[in-house]
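Inside the fold
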Amino acid sequence: MTGTVLALAGGVGGAKLVLGLSRVLGAGELVVVGNTGDDFSHLGLAISPDLDTLLYTLAGLADPSRGWGRENETWKFMEALEQLGGPTWFRLGDADLALHVERTRQLAAGEKLSAVTDRLRKQLGVATRILPMTDNPVRTRLRTSHGWLDFQDYFVRLRCEPVVQELNYVGAEAARPLPEVLDLLADEKLRAVVTCPSNPFLSIEPILAIPGMRTAIANCRAPVVAVSPVIAGQAVKGPTTKMMRELGLAASASAVACRYADLLDAFVVDEADAAMAAPEGVRLVTARTLMTCLADRRRLAQIVLAAADAEADR
Ligand code: GDP
C-alpha cells in the first residue's frame, strides 16, 4: 500500500522506530511530528532535544550509546565553559552547539520553528519531513517531591530522581497544531498514524495536548497504530515506568494502551506481553519490540505498517 504515514515521536524510543519506518517507506512517504515539550532556552540558545534526536538519527549522526547528541563529538566548549565557572549540568558538544546556535539565529530572525527545522533537516540530507508539534512555545513542567520543576531540571539536572505527582504542558492550551499536520490527517491518502514507543507523559501526551490534535487523529480515516514503550513491565530506557508507578498507574503496556485507547485501532506489544487484555475496540498485535539494531527497527516498522494496512482492509 502507498500513502503518507504520520508518526508521532519523542526522542530515543521514537527515533528508533522512525528510522525503521524511513528505511521501509518510499521517499516523501513519512512525516514525523516531534515533541517540543522538552524544549528550553539554555545559555541563550533555543534547544529542541527531541527534534534534534530525530534529526541526528535520520541523518546518521546520532551517538548510539548516549542516546542524545552527535557521534564522535568533542567537548572543547564545555571545558572552556567550566573553566569560566559557567553552568555545565547540560552537556553541549562542539558540533551539537553549532546546531543550537544556528537554530537560535534563525528563530531570532523571525523564522518559525517548523521552517527552521525543515531547513536544518534538508541541510543534513534528511528526506523525512520532521515537524514540531506546534510553532508556539509549550513547556512540560512536573510537580514533584521537589516542588514544580522545569523538564530539563527534572530530567537532566536531577536525573529523574524526584517523585512525579502531576504534569503540566505550559502553553499547550494556547498553542496551535501545524496546518500541514491537520491537512495530512484530513487527507484521504493518509496510510496510517503511528504512535512511536515513546514516553506517554513526556513525549506523546504533550503532542496530543495541542488543541485539535487529539480530535483530528480520532477523526482521521487512516488506521492509528501505537507501539508500546513498555516491555514486560519495564521501560527500555528512561523514567517511563518509574513515572507510571509514581502517578498511581500500573507499570504495564496495558496501562499505556489505556492512555490513547480512544484513538487506537491497533496496539503493538512485545511477545512478553501477549497475554495482556486489549482495551475494547483495539486489536492487539504481538511482535519482538526491542530494537537493538537497524534490522530490528526495519522489521518492527514493517509489522506496524502491516497492522495498519490490515485495519484499513477491515
Ligand atoms: P526521550 O524523549 O528521549 O525520553 O525518548 P522517547 O520518549 O521517544 O522514548 C523513551 C521511551 O522509549 C522509553 O519508554 C523506552 O522504554 C522506549 N524505548 C526505547 N527503546 C525502545 C525499544 O527498542 N523498543 C521499545 N518498545 N521501546 C523502546
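Coordinates for the structure precede this section.
All of the points below concern the structure found in this document. (Residues numbered from 1 in each chain as written. Predicted model: local features only at pLDDT ≥ 70, side-chain atom pairs only at ≥ 80, totals over all residues. Heavy atoms only, no water.)

**A look at the sheet that holds strand β10 (residues 224-227)**
Defined as follows: Here, any two strands with at least 2 DSSP bridges between them count as paired. Elements are defined by DSSP. Helices are runs of H or I of four residues or more, strands are runs of E of two residues or more, and each kind is numbered from the N terminus. Inter-axis angles, ranging from 0 to 180 degrees, are taken between N-to-C directions of lines fitted to C-alpha atoms, where helices are fitted over the stretch in contact.
Taken together, seven strands build an open sheet; the order of strands is β5-β2-β1-β9-β10-β13-β14 and the sheet is parallel. A strand with exactly one partner marks an edge of an open sheet, and here the two such strands are β5 (129-132) and β14 (283-287). With direction set aside, neighbouring strand axes in the sheet form an average angle of 25 degrees. Sheet analysis places strand β13 (residues 266-270) next to β14, joined by five bridges and oriented parallel. Looking at the pairing, Ala-266 lines up with Arg-283 of β14.

**Remarks on unusual backbone geometry**
Phi is positive for Asn-72, which is not a glycine, with a value near 55 degrees. In this fold, Asn-72 is placed in the loop between α2 (49-59) and α3 (76-83). One non-glycine residue, Cys-160, lies in positive phi territory at about 60 degrees.

**Structural notes on the packing of aromatic side chains**
Test applied: For Phe, Tyr and Trp, where Trp contributes only its six-membered ring, two rings pair if their centres lie within 6.5 Å, and the inter-plane angle classes them as stacked under 30 degrees, edge-to-face over 60, or tilted in between. Note on exposure labels: buried denotes an accessible area under 20% of the residue type's maximum, exposed denotes more than 50%, and partly exposed covers the range between, all computed with a 1.4 Å probe on protein chains only.
One pass over the full model with this rule turns up five aromatic pairs. Ring centres of Phe-40 and Trp-89 lie 6.4 Å apart, and the angle between their planes is 45 degrees; on these two criteria the pair is classed as tilted. Pair noted here: Phe-40 is in strand β3 (residues 40-42) and Trp-89 is in the loop between α3 and α4 (94-108), with a separation of 49 residues, a long-range link. Given the relative accessible area of 30%, Trp-89 is considered partly exposed. Each ring, one from Trp-89 and one from Phe-90, has its centre 5.9 Å from the other, and the planes form 75 degrees; the classification is edge-to-face. Given the relative accessible area of 12%, Phe-90 is considered buried. Through pairs of rings, three or more aromatic residues link up here, namely Phe-40, Trp-89 and Phe-90.

**So, the side chain of Thr-4**
Put simply, the rule is: Residues are treated as being in contact if the distance between any of their heavy atoms lies within 4.5 Å.
When you line up the elements, Thr-4 lands in strand β1 (residues 4-9). Not counting the four nearest positions on each side in its chain, Thr-4 is found in contact with Glu-29, Val-31, Leu-184, Lys-189, Leu-190, Arg-191 and Ala-192.

**Details of the site of the ligand**
Note the threshold: Here a residue is near a molecule or strand as soon as one of its heavy atoms is found within 4 Å of it. Polar contacts here mean pairs of N or O atoms no more than 3.5 Å apart (in protein, one a potential hydrogen donor and the other a potential acceptor; neighbouring residues in sequence count only if both atoms are side-chain atoms). Accessible surface area values rest on a Shrake-Rupley calculation with a 1.4 Å probe, where residue burial reflects the displayed protein chains alone. Residue classes follow a fixed rule: Ala, Val, Leu, Ile, Met, Phe, Trp, Tyr, Cys and Pro count as nonpolar, while Asp, Glu, Lys and Arg count as charged, and any other residue, Gly among them, counts as polar.
As a matter of local geometry, the ligand sits amid 21 residues, with Ser-198, Ser-203, Pro-229, Val-236 and Thr-240 nearest to it. Contact distances for the ligand include 2.9 Å between an oxygen atom and a backbone N or O atom of Pro-197. The contact in question runs from an oxygen atom of the ligand to an N or O atom on the backbone of Asn-199, over 2.8 Å. Contact with the protein chains covers 95% of the free accessible surface of the ligand, which is 600 Å². Examining the composition of the shell around the ligand, we find that four residues originate from one element, helix α1 (residues 12-24), more than from any other. Here the residues of the shell around the ligand are counted per class, giving eight nonpolar, 10 polar and three charged.

**Digging into the nonpolar core**
Operational definition: Each nonpolar core is a collection of buried residues, namely Ala, Val, Leu, Ile, Met, Phe, Trp, Tyr and Cys, held together in the definition by side-chain atoms within 4.5 Å.
Formed by 51 residues in total, the largest nonpolar core has its most connected members in Leu-185, Ile-217 and Phe-267. When residues of this core are assigned to their parent elements, the largest contribution, five residues, is made by helix α8 (residues 200-208). Not counting residues within four places of it along the chain, the set of residues in contact with Leu-185 comprises Leu-6, Leu-190, Val-193, Ala-216, Ile-217 and Cys-220. Formed by 38 residues, the second largest nonpolar core is a distinct cluster that contains Ala-7, Ala-192, Ala-266 and Leu-305.

**Describing the sheet that holds strand β8 (residues 164-170)**
Where strands meet in a sheet, backbone hydrogen bonds hold them as pairs that are either parallel or antiparallel. Strand order across the open sheet formed by three strands is β7-β6-β8, with antiparallel pairing between neighbours. Each end of this open sheet is capped by a strand with a single partner; those strands are β7 (147-150) and β8. On average, adjacent strands in this sheet sit at an angle of 25 degrees to one another, irrespective of strand direction. In the sheet, strand β6 (residues 139-144) pairs with β8 via six bridges, with the strands oriented antiparallel. What sits directly across from Arg-143, in β8, is Glu-166. Here α8 sits on the sheet in contact with β6 and β8, set at roughly 35 degrees to β8.

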